[in-house]
Amino acid sequence: YYLKDKYKESGNYAAIEKDHGSNTYVSEGTGYGMLMMVYFSDNTTSYQSQFDKMWAFYKAGSNEHGLMNWSFGTLTPSDNKANAATDAEMDVAAALIMASYQFGDEKYLDEARTLLQNVKKYEFEDNGLHKPGDAWNDKKNPSYVAPAYYRLFAEVDKDNAEFWNTTAMNANYALLETNSAEYSTGLFDNWSDASGKGMDKYYGYDAARTPWRLAQDFYWFGESKAKTMLDKLGAWVSSKPASEMKGTIERSGSQMWNDHNSTFVATLMTSLVTDASRQDKMEEYWKEAVSLGEEAYFEQS
């Protein structure tokens, strides 16, 4: 369904359409799409061709910093001066690294290394904190923090391994820990200041990605900091029926809006992976996510 409804090609380029029939594309969609082409490939079906076309679109749509402009109104890429968004680079770089294993070609590692050097230069502060993009840094987005990927980056961008493994890791985990501590629910904010203090008191379509990124670091690498925050959030999620989980959510847990979709059901489900006693609840959330079926681009991603 995702390939049929979201994936679009034009010549040597491809991207994930933001809204059905809109002919608009965002860099985060390229990141999600590249990850999916890697992970859904197997020894009977390869999506390397689609992956390569999406990566070609990324490169052709990049700015003077070598980072993809975040928004396009057509599948004709150029430097449209829209500037880059850091979450896209996290997913694209990780997809390139995993593509080298899935497709057996080290060229992807070379390209990831070049991309990561640009990411470090333009989308991170010297103290390790992420910037939300290459052209602005007024606030932080907790869901842009991707600690599991930092560990992958360190293995590829060896010249900057200390930065990824320690400097960026410590600074951004500190931000997440501060944000997590603000409410008993453990729900993260859409946006925070540089210390991690929340700026709008809502767990919405940005914040929804944070538990997924933490769950990766726990599930892949056993990170105790991720476990602590997921344990806290998972306790709140466990108290809610999957069928009633809706967003946007006030971080106090006092009110939910009306969007019952995978952005909230599936991502909050990932907070349950740290505790075996929550297996039944995780199954409940998984079944609910599957039952939601065909959804819009972001929810489906």
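Residues numbered from 1 in each chain as written. Predicted model: local features only at pLDDT ≥ 70, side-chain atom pairs only at ≥ 80, totals over all residues. Heavy atoms only, no water.

**Some words on the environment of F298**
Position of F298 relative to the elements: it lies in helix 12 (residues 297-300). F298 sits 71 residues away from K227 along the chain, and the two C-alpha atoms are 26 Å apart. (Helix = DSSP H or I, 4+ residues; strand = E, 2+ residues; numbered from the N terminus.)

**Here we look at the pattern of salt bridges**
With the rule as written, the count across this model stands at 18 salt bridges. Here R213 makes a salt bridge to D91, at a shortest N to O gap of 3.0 Å. With R213 in helix 8 (residues 209-221) and D91 in helix 4 (residues 86-102), this pair connects stretches of sequence that are 122 residues apart. Classification of R213 by relative accessible area gives buried; the value is 1%. (Salt bridge = Lys/Arg side-chain N within 4 Å of Asp/Glu carboxyl O. Buried < 20%, exposed > 50% of the residue type's maximum accessible area, 1.4 Å probe, protein only.)

**Focus on the nonpolar core**
In terms of nonpolar packing, the biggest core is built from 83 residues, with F51, L96, L115, Y150, F153 and W164 touching the most fellow members. Apart from residues lying up to four places away in sequence, Y150 is in contact with M90, F124, Y144, V145, W164, N165, A168, M169 and N172. (Core = buried A, V, L, I, M, F, W, Y, C linked by side-chain atoms within 4.5 Å. Contact = heavy atoms within 4.5 Å.)

**What to know about the environment of S10**
Inspection of the secondary structure assignment puts S10 in strand 1 (residues 7-10). For S10, a relative accessible area of 38% gives the class partly exposed. The sequence separation of S10 and L75 amounts to 65 residues, and the corresponding C-alpha distance is 6.5 Å.

**A closer look at the packing of helix 2 (residues 27-39) against helix 4**
Look at helix 2 against helix 4: their axes get within 8 Å of each other, and the N-to-C directions meet at 20°. Judged by the angle between their axes, helix 2 and helix 4 are roughly parallel. In this structure, helix 2 crosses over helix 4, and the sense of that crossing is left-handed. In this structure, helix 2 uses S27, E28, T30, G31, Y32, M34, L35, V38 and Y39 to contact helix 4, whose residues at the interface are D87, A88, D91, V92, A94, A95, L96, M98, A99 and Q102. Grouping the amino acids of the contact of helix 2 with helix 4 by side-chain chemistry returns 12 nonpolar, 4 polar and 3 charged. (Axes fitted to C-alpha atoms, helices over the stretch in contact; angles between N-to-C directions. Parallel < 35°, antiparallel > 145°, perpendicular 65-115°, else oblique. Left-handed = near helix turned anticlockwise from the far one by under 90°. Nonpolar A, V, L, I, M, F, W, Y, C, P; charged D, E, K, R; others polar.)

**Describing the sheet that holds strand 5 (residues 202-203)**
Taken together, the 3 strands give an open sheet; going across it, the order is 5-6-7, and neighbouring strands pair in antiparallel fashion. Sheet topology places strand 5 and strand 7 (256-259) at the edges, where each strand pairs with a single neighbour. The sheet contact formed by strand 5 and strand 6 (residues 247-250) spans 2 bridges and is antiparallel. Bridge pairing in strand 6 links Y202 to E250. (Pairing = 2+ DSSP bridges.)

**Thoughts on the pairing of strand 7**
Judged from the 2 bridges that link them, strand 6 and strand 7 form a sheet pairing that is antiparallel. Across the sheet, residue I249 finds its bridge partner in strand 7, namely M256. Once strand 6 ends, the chain turns through 5 residues before running back antiparallel as strand 7, passing G253 with a positive phi of about 80°.

**Points about the packing of aromatic side chains**
Going through the model one piece at a time under the given rule, you end up with 27 aromatic pairs. Judged by centre distance (5.9 Å) and plane angle (85°), the ring pair of F124 and F163 falls under edge-to-face. Remark: F163 occurs in helix 7 (residues 161-180) and F124 occurs in the loop between helix 5 (107-123) and helix 6 (147-156); sequence separation between them is 39 residues. For F163, a relative accessible area of 9% corresponds to the buried category. The lysine or arginine in question, K120, covers the ring of F163, its NZ or CZ lying 4.8 Å from the ring centre. The ring of W191 carries K139 above its face, with NZ or CZ at 4.6 Å from the centroid. (Phe/Tyr/Trp six-rings, centres within 6.5 Å; stacked < 30°, edge-to-face > 60°. Lys NZ or Arg CZ within 6 Å of the ring centre and 35° of its normal.)

**Focus on unusual backbone geometry**
The omega torsion of the bond from G247 to T248 falls at -10°, within 30 degrees of zero and hence cis. The phi dihedral of K201 falls on the positive side, at around 65°, and the residue is not glycine. Secondary-structure assignment places K201 in the loop between helix 7 and strand 5. A relative accessible area of 54% places K201 in the exposed class.

**Overview of the packing of helix 10 (residues 262-269) against helix 11 (residues 279-291)**
At a closest axis distance of 9 Å, the pairing of helix 10 and helix 11 adopts a crossing angle of 150°. It follows that helix 10 is roughly antiparallel to helix 11 by the angle criterion. Crossing of helix 10 over helix 11 shows left-handed handedness. Between helix 10, through S262, V265, A266 and M269, and helix 11, the contact on the second element is made entirely by M282, Y285, W286, E288 and A289. Of the residues contributing to the contact of helix 10 with helix 11, the split by class is 7 nonpolar, 1 polar and 1 charged.

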